[in-house]
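Here are the chains, one letter per residue:
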Amino acid sequence: MKIHQHELAYYSMCEFKFMMNRKYQKKVQKHYINAGTLFAHGVYNLHLGKEFKDCIDEIDLKCDELIATMTSQEKIEETLLQSEIIKAMLSGYANKFMAERNQYPYIQSIAPEYHITHESGDITLVGRLDGDVYDTDGKRWIMELKTTTQVDRDMVRRLPVDFQNNFYFFMCSLQGESPIGVIYRWCRKSALKQKQKETIHEYRSRILDDYIDRPDFYFVEDAPLFDLNATERFRYSIASLLFDLRMNIRSGDYPKRYTGCKVGYSLCHFIEYCLNPTKETLETYYTERTDHATDTENQTED
Ligand code: SF4
């Protein structure tokens with residue numbers, strides 16, 4: 001049985017959420033732009049040395065493909081606005097992290113998103129990393145990018161005890177070549193709205209100006225080093241979680257814990273069902289999963 005990192009995180013909050021997420025996913029609008037994924041793809045291409053213009057052209061191409069499937073003018077306009085924000089965000093990222101890169105762990109090379117696995121008896125643990133980075137000293141780091149609407153000091157402060165970070169380091173340490181730390185970058189989506197009578201070109205240049213004028217507001221980086229003692233402690237937490245999980249699997253009983261109903265700025269995907277646990281709610285808001293690998297709450301924190 002494959003268990004992904006995000007599933008284990010769900011399990012630690014609420015066993016019921018874990019079980020529901022294995023079986024169901026929330027119905028999403030068929031046509032929507034995944035800002036976090038498009039942006040992360042652009043960042044990856046930039047670090048690979050692609051021309052900025054080519055990265056922008058790729059975003060435009062993806063949006064054009066999406067728009068070609070749309071019939072609603074409202075959705076088309078929303079997609080165009082979102083694509084302007086993603087492109088401005090990429091421009092702000094390049095300005096912040098690539099023009100001033102000597103202030104940051106210098107990125108010598110970057111590997112794309114990949115999965116790592118570890119077998120623990122009948123359970124295979126799976127983690128999806130945004131990428132590997134090697135600095136000028138040849139040291140390996142994990143890279144994590146989060147698109148978000150908010151960044152606060154506590155989000156930075158908690159990184160050393162972040163479940164995902166500890167899980168990744170734990171998994172990497174089992175494979176030999178451990179990274180020395182995580183380069184964690186929060187990239188804030190602009191909340192500026194298009195004004196009445198403002199053309200899309202004027203709107204685009206206003207967002208772009210804001211990203212350039214306030215880089216420290218939009219982009220926050222922290223790069224904590226991993227601590228081997230903390231990883232050892234984390235190993236016990238994982239063993240304890242897996243022990244409990246096996247008991248649940250055997251009994252088929254997954255109680256509601258009510259502790260993950262709102263995490264950060266997001267409500268649990270299953271809040272509708274828990275508020276009104278009927279067949280009708282299930283059919284209205286959820287579809288049955290055909291795979292368990294989809295991580296829908298991972299890349300974006302808002
Ligand atoms: S809404 Fe709360 S109780 Fe229901 S599954 Fe989510 S975390 Fe558990």
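First things first, this report covers the structure right here in the doc. This one's a predicted model, so the numbers in the text were calculated from it and none came from an experiment.

Conventions used here
- Counting restarts for each chain: residues are numbered from 1 in the order of the written sequence.
- Local features in this predicted model are restricted to residues of pLDDT 70 or higher, and side-chain atom pairs are both shown and tallied only at a pLDDT of 80 or more, whereas totals for entire chains, interfaces and linings draw on every residue.
- Whenever a helix is involved, its axis is fitted only over the stretch in contact; in every case the axis is a line through C-alpha atoms, and angles between N-to-C directions fall within 0 to 180 degrees.
- Think of it this way: any DSSP run of H or I at least four residues long counts as a helix, any run of E at least two long counts as a strand, and we number them from the N terminus.
- Angles below 35 degrees are treated as roughly parallel, those above 145 as roughly antiparallel, those between 65 and 115 as roughly perpendicular, and all remaining angles as oblique.
- By convention, the crossing between two helices is left-handed when the near helix turns anticlockwise from the far helix through less than a right angle, and right-handed when the turn is clockwise.
- The contact criterion used is a C-beta to C-beta distance within 7 Å, with each C-beta placed from the backbone.
- For each residue, a C-beta atom is placed from the backbone, and the residue counts as near a molecule or strand when that atom lies within 6 Å of it.
- Each residue is assigned to one class: nonpolar for Ala, Val, Leu, Ile, Met, Phe, Trp, Tyr, Cys and Pro, charged for Asp, Glu, Lys and Arg, and polar for all the others, Gly among them.
- Think of it this way: DSSP has to see at least two bridges between two strands before they count as a pair.

Their axes nearest at 9 Å, the elements helix α3 (residues 35–47) and helix α4 (residues 52–67) cross at an angle of 155 degrees. Taken together, α3 and α4 sit at an angle that is classed as roughly antiparallel. For the element pair α3 and α4, the recorded crossing hand is right-handed. Contacts between α3 and α4 involve Leu-38, Gly-42, Asn-45 and Leu-46 on the former and, on the latter, Phe-52, Cys-55, Glu-58, Ile-59 and Lys-62.

For the rest of this paragraph, the subject is the site of the ligand. In the neighbourhood of the ligand, 14 residues make up the surrounding shell, with Cys-14, Gly-260, Cys-261, Cys-268 and Cys-274 lying closest. When residues of the shell around the ligand are traced back to their parent elements, those giving at least two are α2 (15–23) and α11 (271–275). Here the shell around the ligand takes three residues from α2, the largest share from any one element. Grouping the constituent residues of the shell around the ligand by class yields 10 nonpolar, one polar and three charged.

Let us look at the sheet that holds strand β1 (residues 2–4). Pairing within the open sheet is mixed, and its three strands lie in the order β1-β5-β4. The open sheet is flanked by β1 and β4 (114–120), the only strands paired with a single partner. Each adjacent strand pair in this sheet contributes to an overall mean axis angle of 30 degrees, direction not counted. Here β1 runs beside strand β5 (residues 123–129); their pairing, made up of three bridges, is parallel. Residue pairing in the sheet places His-4 in a bridge with Val-126 of β5. Across the face of the sheet, helix α1 (residues 5–13) comes into contact with β1 and β5 while running at roughly 75 degrees to β1. In the packing of helix α7 (residues 163–174) onto the sheet, contacts are made with β4 and β5, and the angle to β5 comes to roughly 110 degrees.

What follows is about the environment of Leu-125. As for its position among the elements, Leu-125 is in strand β5. Once the C-alpha coordinates of Leu-125 and His-4 are considered, the two residues, 121 residues apart in sequence, prove to be 5.8 Å apart. Those residues in contact with Leu-125 that sit more than four places away from it in its chain are Ile-3, Thr-117, His-118, Ser-120 and Met-171.

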